[in-house]
Amino acid sequence: SGAVEVTNVGHVYETASGTTEALTDISFRVETGRFISIVGPSGCGKSSLLMMIAGLVQPTRGTITAGGRPLVQPDPTRIGVVFQDASLYPWLTARSNVEFPLSLRHVDHKIRRERAEEALDLVGLAGFADKHPHELSGGMKQRVALARGLVQDPPILLMDEPFAALDEQTRLTMGDEVLRIWERTRKTIIFVTHGLSEAIHLSDEVLVLTSRPGKLVDRVSVDLPRP
Ligand code: ADP
Ligand code: ADP
């Protein structure tokens, strides 16, 4: 299932100049199929929290489970991740970028291709599979990154300020695109943004963090009509 449970999680970074307590005592649960946003000022630990849920960073305190099981390392079959920077390989086509996680698992060539086509179709990029990243606009690159995050059909999708680098109009279009995908797939989505209006527009619920150290201070349900 796609439930995410974060229990008493804290994170302390150790650097050459000392330690930074990024997050302290964070607890929340997200039920399967919910769309929640995490908002808060820069430096409050949003990215750190998302990376811990993704299994990319280990919490220094507390536990996190996805689908009832802890995640000790990233597993794109359980959790898809999309970052602000699309981080596509420039020398690969859109299709090959999307196929990449499947190639790592040695999935059969034909199945890989089919899944990549399906994912590109889902994000509205059918017909762009053979383009390289430099031939695509910012919005379209984020669509490719989204397709790559979805290609193994994970029940959970994490997005870290995915549209922050885009212009206003594209950001709105992409937000509606994510809503459309969520309505079609009913994945659990956890969306990090520093834009409160974006969070309210997109999600069922908004978690609010404050900084130094990052702390969960509020959890608000949104009850707005969907576009
Ligand atoms: P946000 O995404 O809300 O901007 P981050 O999770 O990026 O917050 O950062 C939270 C805090 O942890 C900040 O004080 C930041 O400077 C610190 N931090 C983040 N990553 C590292 C790191 N790799 N090493 C040391 N400190 C870090
Ligand atoms: P940006 O605004 O960052 O350049 P967009 O994703 O909004 O990126 O796309 C830019 C242009 O590409 C727009 O004119 C848009 O209509 C077109 N475009 C985007 N996605 C598609 C698509 N799936 N099919 C056809 N045209 C598209």
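Described in the following lines is the structure provided in the data block. (Residues numbered from 1 in each chain as written. Chains lettered and ligands numbered in written order. Predicted model: local features only at pLDDT ≥ 70, side-chain atom pairs only at ≥ 80, totals over all residues. Heavy atoms only, no water.)

Before going further, it helps to examine the site of ligand 2. Residues in contact with ligand 2, as listed here, are Gly124, Phe128, Ser137, Gly138, Gly139, Met140, Arg143, Asp167 and Thr170. At 2.7 Å, a side-chain N or O of Ser137 approaches an oxygen atom of ligand 2. Calculation on ligand 2 without its partners gives an accessible area of 540 Å², and the protein chains cover 50% of this total. Looking at the shell around ligand 2 element by element, the count peaks at four residues for helix H4 (residues 138-150). Here the shell around ligand 2 is composed, by residue class, of two nonpolar, five polar and two charged. (Near = heavy atom within 4 Å. Polar contact = N/O pair within 3.5 Å; in protein donor to acceptor, adjacent residues only side chain to side chain. Areas by Shrake-Rupley, 256 points an atom, 1.4 Å probe, with all protein chains shown as cover. Helix = DSSP H or I, 4+ residues; strand = E, 2+ residues; numbered from the N terminus. Nonpolar A, V, L, I, M, F, W, Y, C, P; charged D, E, K, R; others polar.)

Before going further, it helps to spend a moment on the sheet that holds strand S10 (residues 215-221). Pairing within the open sheet is mixed, and its six strands lie in the order S6-S7-S8-S3-S9-S10. Of all the strands in the sheet, just strand S6 (79-82) and S10 have a single pairing partner and so form its edges. Averaged over all pairs of adjacent strands, the angle between their axes in this sheet comes to 15°, without regard to strand direction. Here strand S3 (residues 35-39) pairs with strand S8 (residues 188-192) via four bridges, running parallel. By the bridge assignment, Ile36 is partnered in S8 with Ile190. Those strands touched by helix H1 (residues 46-54) are S3, S6, strand S7 (156-160), S8 and strand S9 (205-210), and its axis lies near 155° from that of S7. Across the sheet, helix H5 (residues 168-185) is in contact with S3, S7 and S8; its angle to S3 comes to roughly 145°. (Pairing = 2+ DSSP bridges. Axes fitted to C-alpha atoms, helices over the stretch in contact; angles between N-to-C directions. Contact = heavy atoms within 4.5 Å.)

Evaluated as defined, the whole model comprises twelve salt bridges. Asp130 is the partner of Arg95 in a salt bridge, and the nearest nitrogen-oxygen pair spans 2.6 Å. Taken together, the positions of Arg95 in helix H2 (residues 94-104) and Asp130 in the loop between helix H3 (109-122) and H4 put the pair 35 residues apart, joining distant regions of the chain. For the salt bridge of Arg112 with Glu99, the shortest nitrogen-to-oxygen distance reads 3.2 Å. Here Arg112 is found in helix H3, whereas its partner Glu99 is found in helix H2, with 13 residues between them in sequence. (Salt bridge = Lys/Arg side-chain N within 4 Å of Asp/Glu carboxyl O.)

Below, the discussion takes up the site of ligand 1. Looking at ligand 1, the residues that line it are Tyr13, Thr15, Thr20, Ala22, Pro41, Ser42, Gly43, Cys44, Gly45, Lys46, Ser47 and Ser48. Taking Cys44, its main chain carries an N or O atom lying 3.2 Å from an oxygen atom of ligand 1. For ligand 1, an oxygen atom lies 2.9 Å from a polar atom in the backbone of Ser47. In isolation ligand 1 offers 560 Å² of accessible surface; the protein chains occlude 61% of this area. When residues of the shell around ligand 1 are traced back to their parent elements, those giving at least two are strand S1 (4-15), strand S2 (18-30) and H1.

Pairing geometry for S1 and strand S4 (residues 61-66), over five bridges, is antiparallel. What sits directly across from Thr7, in S4, is Thr63. If you look at the hairpin formed by S4 and strand S5 (residues 69-70), you'll find two residues sitting between the two strands, and Gly67 has a positive phi there, around 60°.

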